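Commentary on secondary and tertiary structure
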Amino acid sequence: MEDLLTEIRNCEVCKAHLALGPRPIVAANPESRIAIIGQAPGTKVHKTGVPWDDPSGKQLRNWLGVTDGMFYDEKKIALIPMGFCYPGKGKSGDLPPRSECAPLWHIPLFDQMPNLQLVILIGQYAQHYYLGEKMEKNLTETVRAYKNYLPHYFVLPHPSPRNRFWLSKNPWFVEEVITELQWRIKDALR
């Protein structure tokens, strides 16, 4: 695993397309019980090199019901983005994750983590990649149908502060989905 992580962290496959240059961000361990598949690091995470070290990460840890120490314990939780480097700015926020990363690195990572109990798919990019045609017509309906993807996958919207409106429009998410998510997290980490 250490050799693989070193290879990923030294990756420059899409260097020419990265405004801030390559800085692959990943955390994993052969003992990981949960894998969180996110989108791509933002500018703050690119600077610090710490996955989910931003307001979205704080919200995600709250949803999961875990402490920072548990979240950043690679023997418990692997943090694997769809795109390992900051993709750059677009018209309405960050660009989509680079498409080279997941096909290149996800299977080798998962092959090294035999103890995974749960894979959390955050946002449309991860859900489209892993669920494909099993997704519902949009993110809201996919998250509403989260039970269809259990016990292996758990689907979530992105925990970005920009999603406050979505959260206020969908109170069932916190009432039902987060309750189930926290139970699944405790069970996987037992």
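Residues numbered from 1 in each chain as written. Predicted model: local features only at pLDDT ≥ 70, side-chain atom pairs only at ≥ 80, totals over all residues. Heavy atoms only, no water.

The element strand 5 (residues 118-122) is extensively covered by neighbouring structure, given that five of its five residues are classed as buried. Burial along strand 5 is two-sided: the face carrying Leu 118, Ile 120 and Ile 122 and the face carrying Val 119 and Leu 121 are both buried. Pairing geometry for strand 1 (residues 34-38) and strand 5, over four bridges, is parallel. Of the residues in strand 5, the one forming a bridge with Ile 37 is Leu 121. (Buried < 20%, exposed > 50% of the residue type's maximum accessible area, 1.4 Å probe, protein only. Helix = DSSP H or I, 4+ residues; strand = E, 2+ residues; numbered from the N terminus. Pairing = 2+ DSSP bridges.)

Before going further, it helps to spend a moment on empty space enclosed by the protein. Empty pockets left among the atoms are what a rolling probe the size of a water molecule brings to light. Applying the stated criterion across every chain yields a total of one cavity of 30 Å³ or more. Here the largest cavity is characterised by a volume of approximately 80 Å³. Lining the largest cavity we find 14 residues, and of these Cys 11, Cys 14, Pro 24, Cys 85 and Cys 101 sit closest to its centre. The dominant element in the lining of the largest cavity, judged by the number of residues it contributes, is helix 5 (residues 101-111), at three residues. The residue makeup of the lining of the largest cavity, split by class, is twelve nonpolar, no polar and two charged. (1 Å grid on protein atoms, 1.4 Å probe; cavity = no way out; pocket = protein on both sides within 12 Å on 5 of 7 lines; lining within 4 Å. Points joined across faces, edges and corners; volume = space filled by probe spheres on them. Nonpolar A, V, L, I, M, F, W, Y, C, P; charged D, E, K, R; others polar.)

A separate point is the packing of helix 3 (residues 55-64) against helix 9 (residues 172-189). Here helix 3 crosses helix 9 at 75°, and the two axes come no closer than 8 Å. Put simply, helix 3 runs roughly perpendicular to helix 9. Taken together, the residues of helix 9 that come into contact with helix 3 (itself represented by Asn 62, Trp 63 and Leu 64) are Phe 173, Ile 178, Leu 181, Gln 182 and Ile 185. In terms of residue class, the contact of helix 3 with helix 9 is built from six nonpolar, two polar and no charged. (Axes fitted to C-alpha atoms, helices over the stretch in contact; angles between N-to-C directions. Parallel < 35°, antiparallel > 145°, perpendicular 65-115°, else oblique. Contact = heavy atoms within 4.5 Å.)

Moving on, we come to the packing of aromatic side chains. Applying the stated rule across the entire model yields nine aromatic pairs. For the ring pair Phe 110 and Tyr 130, a centre distance of 6.2 Å and an interplane angle of 90° mean the geometry is edge-to-face. Taken as a pair, Phe 110 in helix 5 and Tyr 130 in helix 6 (residues 123-131) lie far apart in primary sequence, 20 residues in all. Ring-pair connections join several aromatic residues into one group, and the members of that group are Trp 63, Trp 166, Trp 172 and Phe 173. Positioned above the aromatic ring of Phe 71, the side-chain terminus of Arg 61 is 5.1 Å from the ring centre. (Phe/Tyr/Trp six-rings, centres within 6.5 Å; stacked < 30°, edge-to-face > 60°. Lys NZ or Arg CZ within 6 Å of the ring centre and 35° of its normal.)

Let's shift gears to the environment of Lys 134. Tracing the sequence through the fold places Lys 134 in the loop between helix 6 and helix 7 (139-144). The class of Lys 134 is exposed, set by a relative accessible area of 64%. Along the primary structure Lys 134 and Asn 148 are separated by 14 residues, whereas in three dimensions their C-alpha atoms are 8.9 Å apart.

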